[in-house]
Amino acid sequence: MYDVVLLVEQELSEPDAKRVVELHEDMPEQVKYHVLVPCHNAEAGVEASISALGTADLYGPGLATQRQDLAEAQKAIDSEAKGCSGRSVQRLRDLGKAAEGGISHERPIDALIATVEATHGQEVVILTRQHVVAEFFHLDWTNSARRHLKVPVLHLLEQDPQKENAS
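It should be emphasised that the depicted structure is a prediction, and the values quoted were computed from it without experimental measurement. Position labels on residues start from 1 in each chain and follow its written sequence. In view of the model being predicted, local features appear only for residues whose pLDDT reaches at least 70, and side-chain atom pairs are presented and counted only at 80 or more, with totals across whole chains, interfaces and linings using the full set of residues. With hydrogens and water set aside, each side-chain value is computed from the structure's full complement of heavy atoms.

**Brief notes about the nonpolar core**
Proteins that are soluble and globular tend to have nonpolar side chains buried together. Grouped together as the largest cluster of nonpolar side chains are 20 residues, with contacts concentrated most on L6, Y33 and L92. Secondary-structure elements contributing two or more residues to this core are β1 (2–8), α1 (14–23), β2 (31–38), α4 (67–94) and β4 (123–128). Non-local contacts of L6, meaning those with residues more than four positions away in its chain, are made with L12, V20, Y33, H34, V35, L36, L92, V125 and L127. Throughout, nonpolar core names a set of buried Ala, Val, Leu, Ile, Met, Phe, Trp, Tyr and Cys residues whose side chains join them through atoms within 4.5 Å. Accessible area is worked out with a 1.4 Å probe on protein chains only. A residue is then buried under 20% of its type maximum, exposed over 50%, and partly exposed in between. Strands here mean DSSP runs of E at least two residues long; helices mean DSSP runs of H or I at least four residues long; both are numbered from the N terminus. Whether two residues touch is decided by their heavy atoms; if any such pair falls within 4.5 Å, the residues are in contact.

**As for the pairing of β4**
Within β4, six of the six residues are buried, which leaves it mostly tucked inside the rest of the structure. Residues E123, V125 and L127 of β4 are buried on one face, and the alternating residues V124, I126 and T128, pointing to the opposite face, are buried as well. By the convention used here, strands pair only if DSSP detects at least 2 bridges between them. Note that β1 and β4 share five bridges and pair parallel. The residue of β4 that forms the bridge with V8 is L127.

**A look at the pattern of salt bridges**
Throughout this description, the term salt bridge denotes a Lys or Arg side-chain nitrogen within 4 Å of a carboxyl oxygen of Asp or Glu. Counted under the stated rule, the structure contains seven salt bridges. When the shortest N-O distance is used, the salt bridge between E80 and R87 registers 3.5 Å. In this structure R87 comes out as partly exposed when scored by relative accessible area, which is 37%. Connected via shared salt-bridge partners are E11, E80, R87 and R91.

**Some points on the confidence of the model for the protein chain**
In the predicted model, the protein chain carries a mean pLDDT of 78, and the fraction of residues at 70 or more is 68%. Along the chain, pLDDT gives the predictor's confidence residue by residue, from 0 to 100. Note that residues 42–52 has pLDDT below 50 and, in this model, 15 contacts with residues that lie over four places away or in other chains.

**A word on unusual backbone geometry**
Backbone geometry places H120, a non-glycine residue, at a positive phi of 60°. For H120, the position within the fold is in the loop between α5 (108–119) and β4.

**Description of the side chain of H34**
Mapping H34 onto the fold places it in strand β2. N or O atoms closer than or at 3.5 Å make up a polar contact, with two conditions inside protein: a donor-capable atom paired with an acceptor-capable one, and, for residues adjacent in sequence, both atoms drawn from side chains. Within polar-contact distance, the side chain of H34 engages the side chain of D3 at 2.7 Å. Residue contacts for H34: discarding those within four places in its chain leaves D3, V4, V5, L6, E100, T115 and T119.

In structure tokens, the structure reads:
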């Protein structure tokens, strides 16, 4: 079994799933894909923003009363991420490939490293959006993965299904 860990920013589109599978079509052994979707931590994000603004003293107590709202927001974020992971896994399975998936609230690179170690991953594919700013920030995912892992790491830009439908 050849294990490939996919770090995806959003749901794998059908064209992206096909591209990923095509990368491994000549493998002599069966390939299993492990889809990892990083999931934003709503409470940590709000607290970090308030701390960064230096206004924790002013808003800190108000944040405590909003814990329920943050918990509900986190449930919605988690639900969307789980759906993204599940639909991505299903797209790979529809192409006849073994696949499993999950979400993580850790830093994406920490979660990636842990997933590679847990699955004995032999390769990493990182898919990010085709947005200039997003691409700039997510190149760090690829560079960090290459520094921390002793497996091949490939960075792909997600296909834009609307552009493909137009051609």
